Amino acid sequence: MITCFIQYQIDPTKKAQFEQYARNWGQAIPRCGADLIGYFSPHEGSSTLAYGVYSIESLAAYEQYRARLAADPLGQENYQFAKQERFILKENRTFLKLASENFPK
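Residues numbered from 1 in each chain as written. Predicted model: local features only at pLDDT ≥ 70, side-chain atom pairs only at ≥ 80, totals over all residues. Heavy atoms only, no water.

A. Structural context of a nonpolar patch on the surface. The grouping of I37, F40, L49 and Y51 at the surface amounts to a nonpolar patch, some 360 Å² of accessible area in total. For the nonpolar patch, the secondary structure elements donating two or more residues are β2 (35–40) and β3 (49–56). Counting through the fold element by element, Y51 comes out in strand β3. (Patch = residues over 30% accessible without salt bridge, like charges linked within 9 Å, V, L, I, M, F, W, Y side chains within 5 Å. Areas by Shrake-Rupley, 256 points an atom, 1.4 Å probe, with all protein chains shown as cover. Salt bridge = Lys/Arg side-chain N within 4 Å of Asp/Glu carboxyl O. Helix = DSSP H or I, 4+ residues; strand = E, 2+ residues; numbered from the N terminus.)

The following block contains the structure:
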């Protein structure tokens, strides 16, 4: 299992648009095959950093997931929404693997 961390630099005056974008992915990402952990918008500190986090089996599974997401009607609509509203200034993806055990709470 790998986890994708997406770091966004967003326009701080368009936080509401980013949050709508995040809610849309909350529906489309699980439907297309990834385990969505969540989208996170600025709250305290930086007003421009936001994150999206989800897990998937492998990079091969990621490629298949991306194809399904690109074909998904809500996915297409969300890509267009971001392009039209221009609230994302920069986007970086990093894929990480859990290196520690999950510890009980």
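B. Representation of the nonpolar core in the model. Formed by 25 residues in total, the largest nonpolar core has its most connected members in Y8, F18, Y21, I29, Y39, Y54 and Y65. At the level of elements, β1 (2–10), α1 (15–32), β3, α2 (59–71) and α3 (73–85) are the ones that each hand at least two residues to this core. Element by element, the count of residues in this core is highest for α1, at seven residues. With near-sequence residues (within four places) excluded, Y39 lies in contact with I6, Y8, F18, Y21, A22, W25, I29, Y51 and G52. (Core = buried A, V, L, I, M, F, W, Y, C linked by side-chain atoms within 4.5 Å. Buried < 20%, exposed > 50% of the residue type's maximum accessible area, 1.4 Å probe, protein only. Contact = heavy atoms within 4.5 Å.)

C. Here's a closer look at the pattern of salt bridges. In the structure shown here, the tally under the stated rule is two salt bridges. Across the pair D72 and R31 runs a salt bridge, and its minimum N-O distance is 2.9 Å. Pair noted here: D72 is in the loop between α2 and α3 and R31 is in helix α1, with a separation of 41 residues, a long-range link. On the basis of relative accessibility, which here comes to 7%, the residue D72 falls in the buried class.

D. Local environment of the sheet that holds β3. Pairing is antiparallel in the open sheet, where four strands are placed in the order β2-β3-β1-β4. Two strands in the sheet have a free side with no partner beyond their single neighbour: β2 and β4 (88–96). Here the average twist between neighbouring strands, direction ignored, is 15 degrees. Here β1 runs beside β3; their pairing, made up of eight bridges, is antiparallel. (Pairing = 2+ DSSP bridges. Axes fitted to C-alpha atoms, helices over the stretch in contact; angles between N-to-C directions.)

E. Representation of unusual backbone geometry. Positive phi, normally seen in glycine, also occurs at R86, with a value near 55 degrees. In this structure, R86 sits in the loop between α3 and β4.

F. Up close: α3. Taking 1.5 Å per residue, 13 residues should reach 18 Å; α3 reaches 18 Å between its end C-alpha atoms and fits that length. Those residues of α3 that fall on the buried side of the exposure criterion are L74, G75, N78 and A82. Viewed end-on, α3 has its buried residues packed into an arc of 100 degrees, placing them on one side of the element. Set apart from the buried face of α3 by more than 90 degrees, the exposed residues are P73, E77, K83 and Q84. Of the residues trailing α3, R86 is marked for its positive phi of about 55 degrees. (Expected span 1.5 Å × (residues − 1). Arc of directions from axis to C-beta.)

G. Expanded view of the environment of K97. Tracing the sequence through the fold places K97 in the segment after β4. In this structure, the C-alpha to C-alpha distance between K97 and A71, residues 26 residues apart in sequence, is 27 Å.

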